[in-house]
Each structure stands twice: as C-alpha cells, then as structure tokens.
Amino acid sequence: FLNKFFHLEERGTKVSTELIAGLTTFATMSYILIVQANFMAAAGMNGAGIMLTTALISGLATLVMGLYSSMPFALAPGMGTNAVIAFTLVAQGICSWQQAMGIVFIAGIAFVLLSVFKVREKVVEVIPKVLKIGVGASVGAFLIRLSLANANMVSVSGSSYGLNLDFADKSVLLSWIGLAITLILYFMRIRIKGRTYHLRGSLLISIFLITIIGLCMGIVDVPDSIFTVNALSNIGDVAFKLDIIGALKPGLFTFMLMFFMGDFFSTLGTALGLGGKAGMLDEKGRLPKIKPALLADAIGTSSGAVLGTSTVTTFVESASGVAAGGRTGLTALVTGVLFLLSMLFAPIFTTIPSFATAPALIMVGFLMFSSVTEISFKDDNLTEAIPAYI
C-alpha cells in the first residue's frame, strides 16, 4: 500500500529508508519546539502552550505536506518571524502578541490565495536571486546577535556590545561551554572504512547536553514529570487569541509585508533547493509538484496563527532527511507523527533554558548567513552586490 500510494519504487526508495529519513529530519529540526517556546514566552505567551501548539501545527502541516504533495519536506514555525514578534513588535510596544498573530494570519491567507492561483511562483521568478540571498543572510546575522544577547554572552549598552566573560555567573560560563560543545558536535566527522559520517541531530543533542550540565550545576530546575500531565489546558492560553482587526492598523503594514516576503521566498527557495538535492527537478529546473507544496505551507501559516504560532515554513533542515535517502511524502509522514508524539513530553521541552538553546541558534544563524558566499562582490558585479548588501 505504501509503495503504491507514495510511489516508492518509482523514486528509487523503500519503506525502511523513508522511516530513517523521517526520523533524521525530526532529530535535526525538533530544536524549534524549545526555541519557539522560549521566544514566544518572552512575548508574554504561555511557554507550555506554545510548545504544544508548535508541536501540533508542525505535525499537522508536515502530514499535509506528505499526504498532499508527497514531498519529503517538513514544516514548522520558522526562525526569524518569531524573533521579530517577541523582541521587536511586543518588546518595543508596537503591538500585542494577539495583533502579531493577526498579522501572521492575514499573511497566511494571502499565501493561500496566491498559491491557489499560481501567482506565488510567477512573482518569485522576477525577483533577483541576490535579494533573496540578502534577506536570508540578514536574518541569520539578526539571530546571531539576538542569541548572544539573550544568553548574556555579550553585554549590551545602547548601541555598544562587549563580550561578557564573567564566568562567576554559571549561566554565562555554561553558554560559552555550550557554544564549544555545539560547534564540536556539528562539525565533527567520523571516518569508517573510507566513508565519512556526521552526527545527525547535533543541534538537538547539544541542547540536551547543555541542559543536563545545567541540572548538574544546579541552574536548571528538574521537571516534576517528563510526561504531559494536565498541561493541554495551556493550549487555551494561546490558541484562538489572534486579533485580526487590531492587525490592520496602518503602522503594522510594514511588518505584515516583512512576514509576507520572508515566507513568500523562503519556502519556494527551500523547496527548489531540496528538490534539486533529491533529484526531483525537471529538465527546466522546475519542481513538478511545487503548487501543492506551497499550498500546504500557506495553510500551515494561516492555521498556525489561529493556534498561536508564528509563520510556518518549510524547514531547510529537511535536507538531512533527503540526504538520508528520503524521496517521498512517507518521510514527511514519519516526521509529522513524531512531532505529534512530542506533545506527550512537554515538560522536557519547556524546562530547557534560553542559554541552552542560544548556541544552537548561533549555529542556525551562521548557516543562514553563509548564503552570502553565493554573491559575487567583484567590481564588475556591483549592480547585484550592492542591493544584496542593503
């Protein structure tokens, strides 16, 4: 049944390969459960509720992606929008988190309409690639700066920054140790019988290792239970709270456009990149089933806003599953089910502190920023380099 439904043989894969690929994708991107809860809690939202709704929408949206488009791509609230909501919109008093969810919802509905009528891919065709690269790199730089500040690894005074090496503060000490652990695990390579392997899910492993060290140092509290007990009620504190009318204030249009453009290009670029890696592109470099993939993403964004999450997008970490051999929607199906199962272990994810997630976010920011290497900064290419830089 699975072979016929997902065309496994046709795409040169099998059930066991797809299962491993789905597990690999989940291990690589499940850090979002922790990061999203920490970020949105800073915006005044219920952290446990956000973790649960993030797992719920990530699971459902990924299931839709797998069953509707049969693509091995996973979705979750993306990095960037959540940081802007928490540390710009809400922290600076520009709007409430309820209005921010309204902004995300409106952008999501626009995505749905543009995806249905195939406008989304047509518009992207005329946007210079260097501008898409520039946007991604700038968000990466923003994440690095934000993560360093949130973990107190740098001291911030106005527009001035300085390294914080006060190791008498255990959380600061552990943040720096954690960064070293994260870098080692991410870049570590093991060579066995002529083949080179790297550690799957290194970001998630580093987060848990730092948290365990924090428990031993006495700066992280032990949860009463590892299972979700009487915590589902927390979903009610964040779901169905969006303020659509308040989101229509003229002063918020700029942010609505920012969220719209960010996801507009992100998912398409990610889908094309992953499709190329998986050998799914046609002779003209197009992804045949990109319309259902974009529609699944758009539905995820609008539905996620209703549940209280920031913009849902296709995760580039899906590349880990593709690299493990994932070629069909069965990979996404496995990842989606694992996200839903993670709702049973909310206390584990909500106990993890920000200084444990900061090193992983610095790594994510680095990976996003590294896209600038695709831009030529030579004198004869300034017409592309300068717009990308701006």
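So, here is what we can say about the structure in this document. (Residues numbered from 1 in each chain as written. Predicted model: local features only at pLDDT ≥ 70, side-chain atom pairs only at ≥ 80, totals over all residues. Heavy atoms only, no water.)

Description of the packing of helix α3 (residues 31–42) against helix α4 (residues 47–69)
In the contact formed by α3 and α4, the axes pass within 8 Å of each other and the chain directions differ by 140°. One element, α3, and the other, α4, form an angle in the oblique class. Considering only the axes of α3 and α4, their crossing is right-handed. Between α3, through Ile32, Leu33, Gln36, Ala37, Met40 and Ala41, and α4, the contact on the second element is made entirely by Gly47, Ile50, Met51, Thr54 and Ala55. In terms of residue class, the contact of α3 with α4 is built from eight nonpolar, three polar and no charged. (Axes fitted to C-alpha atoms, helices over the stretch in contact; angles between N-to-C directions. Helix = DSSP H or I, 4+ residues; strand = E, 2+ residues; numbered from the N terminus. Parallel < 35°, antiparallel > 145°, perpendicular 65-115°, else oblique. Left-handed = near helix turned anticlockwise from the far one by under 90°. Contact = heavy atoms within 4.5 Å. Nonpolar A, V, L, I, M, F, W, Y, C, P; charged D, E, K, R; others polar.)

Some points on a nonpolar patch on the surface
Among the surface-exposed residues, Phe1, Leu2, Phe5, Val15, Leu19 and Leu67 lie close enough to one another that they form a single nonpolar patch of about 580 Å² accessible area. At the level of secondary structure, the elements contributing two or more residues to the nonpolar patch comprise α1 (2–6) and α2 (15–29). Tracing the backbone shows leucine 19 in helix α2. (Patch = residues over 30% accessible without salt bridge, like charges linked within 9 Å, V, L, I, M, F, W, Y side chains within 5 Å. Areas by Shrake-Rupley, 256 points an atom, 1.4 Å probe, with all protein chains shown as cover. Salt bridge = Lys/Arg side-chain N within 4 Å of Asp/Glu carboxyl O.)

Overview of the nonpolar core
Ranked by size, the top nonpolar core spans 78 residues in total, and within it Tyr31, Phe39, Met51, Met79 and Ile85 carry the most contacts. When sequence neighbours within four positions are dropped, the list of residues in contact with tyrosine 31 reads Met79, Leu203, Leu204, Ile207, Phe315, Glu317 and Val364. Among the nonpolar cores identified, the runner-up in size contains eight residues, and Ala107, Phe111, Leu295 and Ala298 belong to it. (Core = buried A, V, L, I, M, F, W, Y, C linked by side-chain atoms within 4.5 Å. Buried < 20%, exposed > 50% of the residue type's maximum accessible area, 1.4 Å probe, protein only.)

A closer look at the packing of aromatic side chains
Counted according to the given criterion, the structure contains seven aromatic pairs. With a centroid separation of 5.1 Å and an interplanar angle of 80°, the aromatic rings of tyrosine 186 and phenylalanine 187 are classed as edge-to-face. Since its relative accessible area comes to 43%, phenylalanine 187 is described here as partly exposed. What links up through ring pairs into an aromatic cluster is the set Phe1, Phe5 and Phe6. (Phe/Tyr/Trp six-rings, centres within 6.5 Å; stacked < 30°, edge-to-face > 60°.)

Comments concerning helix α9 (residues 170–187)
An ideal rise of 1.5 Å per residue puts 26 Å on 18 residues; α9 measures up with 26 Å between its terminal C-alpha atoms. Every buried residue belonging to α9 is among Val172, Leu174, Ser175, Gly178, Leu179, Ile181, Thr182 and Leu185, and all of these are buried. For α9, the elements touching its buried residues are α10 (202–217) and α16 (354–369). (Expected span 1.5 Å × (residues − 1).)

Section: the environment of leucine 19
Residue classification places leucine 19 among the partly exposed positions, given a relative accessible area of 43%. Considered as a pair, leucine 19 and threonine 228 are 209 residues apart in the sequence and their alpha carbons are 26 Å apart.

Digging into the packing of α4 against helix α14 (residues 329–341)
The axes of two packed helices give the description: the angle between them and the distance between them. Running from N to C, α4 and α14 point in directions that differ by 165°, and their axes come no closer than 7 Å. Here α4 lies roughly antiparallel to α14, going by the angle between them. Crossing geometry of α4 relative to α14 is assigned as left-handed. From α4, Ala55, Leu56, Ser58, Gly59, Leu60, Thr62, Leu63, Gly66 and Leu67 reach across to α14, where they touch Gly329, Ala332, Leu333, Thr335, Gly336, Val337, Phe339 and Leu340.

Re the pairing of strand β5 (residues 195–198)
Every other side chain in a regular strand lies on the same face of the sheet, so the side chains alternate between the two faces. Summarising the sheet, strand β4 (residues 189–192) and β5 pair through four bridges and their orientation is antiparallel. Residue pairing in the sheet places arginine 191 in a bridge with threonine 196 of β5. Counting the residues between successive antiparallel strands, the hairpin from β4 to β5 contains two residues, one of them, lysine 193, with a positive phi of roughly 50°. (Pairing = 2+ DSSP bridges.)

Some words on α4
Over its 23 residues, α4 runs 32 Å from end to end, which matches the ideal 33 Å to within 8%, given 1.5 Å per residue. Among the 23 residues of α4, 17 are classified as buried, and the element is accordingly described as predominantly covered. One side-chain oxygen of the residue at the start of α4 lies 3.0 Å from the amide nitrogen of alanine 48, identifying that residue as asparagine 46. Of the residues flanking the end of α4, it is serine 70, one or two places downstream, whose phi is positive at about 55°. (Polar contact = N/O pair within 3.5 Å; in protein donor to acceptor, adjacent residues only side chain to side chain.)

What to know about unusual backbone geometry
Backbone geometry at asparagine 152 places phi at a positive 60°, although glycine is not the residue there. Phi at lysine 193 takes a positive value of approximately 50°, unusual for a residue other than glycine. Turning to its location among the elements, lysine 193 is positioned in the loop between β4 and β5. Residue classification places lysine 193 among the exposed positions, given a relative accessible area of 83%.

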